[in-house]
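A look at the structure
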Amino acid sequence: MKDFLKVVSTDNVMDYLSCFSKMGTEHISINNVFNRILGEDIFSDNNLPGFKRATMDGYAINAGSSFGASESNPAYLIIKGSILMGQVPDFSIGPGEAARISTGGMLPEGADSVVMIEHTEMLDNTNIEVYKSVAPGQHIVDKGEDFKKGEKILCKGRRINAPEIGLLGAYGRDMVKVYKKPKIAIISTGDEIVPINQVPKMGQVRDINTYTLAGLVTGAGAEPSILGIVRDDYNSLLDKCTDALNNTDMVLLSGGSSMGMRDFTLEIISALPKSEVLVHGVSISPGKPTILAKSGEKAVWGLPGHVVSAMIVFKTLVRPFVEYISGLMPEYARILKLPAKLSRNLSSAQGRVDYVRVRVIKKQDGFWAEPVLGKSGLLNTIIKADGLVEIGLNVEGLDKGEDVEVIVL
Ligand SMILES: Nc1nc2c(c(=O)[nH]1)N[C@H]1C(S)=C(S)[C@@H](COP(=O)(O)OP(=O)(O)OC[C@H]3O[C@@H](n4cnc5c(N)ncnc54)[C@H](O)[C@@H]3O)O[C@H]1N2
Ligand code: MOO
């Protein structure tokens, strides 16, 4: 019986991560760094904030001046002056004194806290009553309380989201060293596949994988390069793949990864320059006929043609490789998992990892994962799903009510 030469586990596939080169780096404007991967460690060259700041509108005081104050027994303080925003106070305060201050203003020498304006009463222009005591450090942020001078504030290999952009801005980094964004070639193969702007004739289908894969590539922070549909013709596919390898950083082929009569993918991948087929067959379902090859320093994937299989293989196998060459450190690869209970029994064959599409339903007792069963060529099974439940390699199945983790799609 004809079968795949060697089916390997997903862990075995991940062992090949380090075979591939990471992207180089470039300096780009902070305006364009969202979702990019940081290409250097960033150290704090100053305390943040650089001075003691008020976090409430009111009066900067020495906390001791307010101790014991209450509605019935207020503390009486003398206003020494007002602090202007963005200015260094040109006076200090002592016990029994206060300075008008706004949120964000710099505390004067001698002040260690702020009493909120609503807990005070102005008696006249220079005297106030304080009805509530404050503790030292209350309603202020101290110098260096956010980040201290000299500490590492962001690590190389971290994805830059809005908070990281804020921190880069806080340290005046208008140009940022990031990894270059990988360009990922997407090629669909098959004589029956037609472009989406064509009405398919009987026996033909529109090209779905180009679009699902482009979305997934973009979601992984890389740039899709759509190279269209190639017929099941050795030379056309070889030329297209060679072209893809010359112009992009990774190649995704879909269709033709199985053992059909006209499945050229493996043959063509093997014929690419400095090519080595690392994997042909993975013990997952769907997605068994996946191919991973190395051509020079670049990964070439043969993804199963079935539309859902291609997406699941991307999510579970390809994405970590895209992230790896993008420079993302594994500790920053966020896979969102939702704890839930399984709504029905699920069987599975031992010796392979099953990814079951599930809908997540919120009930009074928590989240329930309801399997959406169906064939891996049917889009509706993933359209209706919110996530995947993994059934492990040596697990025969899962029982109704069992705790599972839903990998959010
Ligand atoms: N005898 C066997 N047959 C198959 C096996 C097997 O083990 N023994 N494995 C099955 C599994 S599992 C999968 S998955 C598919 C994978 O097939 P290929 O990767 O070779 O892909 P194709 O045969 O070209 O296509 C499969 C299916 O998907 C449709 N397709 C392909 N590309 C697209 C696209 N861009 N957009 C929309 N639909 C696409 C194609 O028309 C086929 O229907 O093999 C099984 N067979
Ligand atoms: O494993 Mo195929 O990848 O079922 O559909």
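Residues numbered from 1 in each chain as written. Chains lettered and ligands numbered in written order. Predicted model: local features only at pLDDT ≥ 70, side-chain atom pairs only at ≥ 80, totals over all residues. Heavy atoms only, no water.

What counts, and what does not: UniProt positions are given in the numbering used here, feature names are shortened, and annotations may be inferred rather than shown by experiment.
Per an unreviewed UniProt entry, the recorded name for the protein is Molybdopterin molybdenumtransferase, and the organism is Desulfonema limicola. Listed under Catalytic activity (unreviewed entry) in UniProt, the entry text for the protein is "adenylyl-molybdopterin + molybdate = Mo-molybdopterin + AMP + H(+)". The Pathway (unreviewed entry) field of the UniProt record for the protein holds the comment "Cofactor biosynthesis; molybdopterin biosynthesis."

Observations concerning the packing of aromatic side chains
Filter applied, for reference: Only centres within 6.5 Å qualify two rings of Phe, Tyr or Trp (six-membered ring in Trp) as a pair; their planes then separate them into stacked at under 30 degrees, edge-to-face at over 60, and tilted for everything else. In this description a helix means any DSSP run of H or I spanning at least four residues, a strand means any run of E spanning at least two, and both kinds are numbered starting from the N terminus. For each residue, the accessible area found with a 1.4 Å probe, counting protein chains only, is set against the maximum for its type, and the residue is called buried under 20%, exposed over 50%, and partly exposed in between.
One pass over the full model with this rule turns up two aromatic pairs. Summarising the aromatic geometry, the rings of Phe20 and Phe321 are spaced 5.9 Å apart at their centres and angled 75° between planes, so their arrangement reads as edge-to-face. Remark: Phe321 occurs in helix H6 (residues 307-325) and Phe20 occurs in the loop between helix H1 (10-14) and strand E1 (25-29); sequence separation between them is 301 residues. Accessibility assignment for this pair places Phe20 and Phe321 in one class, buried.

Describing a nonpolar patch on the surface
Put simply, the test is: Patch membership needs two things, relative accessible area over 30% and no salt bridge, and members are linked within 9 Å if like-charged or within 5 Å if nonpolar (Val, Leu, Ile, Met, Phe, Trp, Tyr). Each accessible area is a Shrake-Rupley estimate made with a 1.4 Å probe; only the visible protein chains count as cover when residues are assessed. Here, a salt bridge means any side-chain nitrogen of Lys or Arg that lies within 4 Å of a carboxyl oxygen of Asp or Glu.
A surface patch of nonpolar side chains, about 290 Å² in accessible area, is lined by Ile196, Tyr211 and Ile226. Its place among the elements puts Ile226 in strand E16 (residues 223-230).

Describing the site of ligand 2
How we decide: Residues are counted as near a molecule or strand when any one of their heavy atoms sits within 4 Å of it. Residues adjacent in sequence count toward polar contacts only when both atoms are side-chain atoms; beyond that, a polar contact is any pair of N or O atoms within 3.5 Å, and within protein one must be able to donate a hydrogen and the other to accept it. The residue classification treats Ala, Val, Leu, Ile, Met, Phe, Trp, Tyr, Cys and Pro as nonpolar and Asp, Glu, Lys and Arg as charged. All others, Gly included, are polar.
Near ligand 2, the surroundings consist of Pro286, Gly287, Lys288, Pro289, Pro304, His306, Ser309 and Ser376. Here an oxygen atom of ligand 2 sits 3.4 Å away from a polar atom, N or O, in the main chain of Lys288. Contact between ligand 2 and Ser309: an oxygen atom at 2.6 Å from a side-chain N or O atom of the residue. Tallied by class, residues from the shell around ligand 2 come to three nonpolar, four polar and one charged.

With respect to the sheet that holds strand E7 (residues 113-116)
Sheets are built from strands paired through backbone hydrogen bonds, the pairs being either parallel or antiparallel. Short version of the rule: Strands qualify as paired when DSSP identifies two bridges or more between them. A fitted line through C-alpha atoms serves as each axis, taken over the contacting stretch for helices, and the angle formed by two N-to-C directions is quoted from 0 to 180°.
The six strands lie next to each other as E7-E4-E6-E5-E9-E8, forming an open sheet whose pairing is mixed. Unpaired on one side and paired on the other, E7 and strand E8 (120-122) mark the two borders of the sheet. Averaged over all adjacent pairs, the angle separating strand axes in this sheet is 40°, with direction ignored. Pairing of strand E5 (residues 75-82) with strand E6 (residues 97-101) involves four bridges; the strand directions are parallel. Across the sheet, residue Gly81 finds its bridge partner in E6, namely Ala99.

Side note on the sheet that holds strand E20 (residues 291-295)
Definition in use: Every residue pair with non-hydrogen atoms within 4.5 Å of one another is taken to be in contact.
Reading across the sheet, the six strands line up as E16-E13-E17-E21-E20-E18 and stay open at both edges, with mixed pairing between neighbours. Edge positions in the sheet fall to E16 and strand E18 (275-280), since each of these pairs with one other strand and no more. Taking each pair of neighbouring strands and ignoring which way they run, the sheet shows an average axis angle of 20°. Where E18 and E20 come together, five bridges link them in antiparallel fashion. Note on E20: the bridge partner recorded for Ser275 is Ser295. Against the sheet, helix H4 (residues 234-247) touches strand E13 (183-189), E16, strand E17 (250-254), E20 and strand E21 (298-303), its axis set at about 170° to E13.

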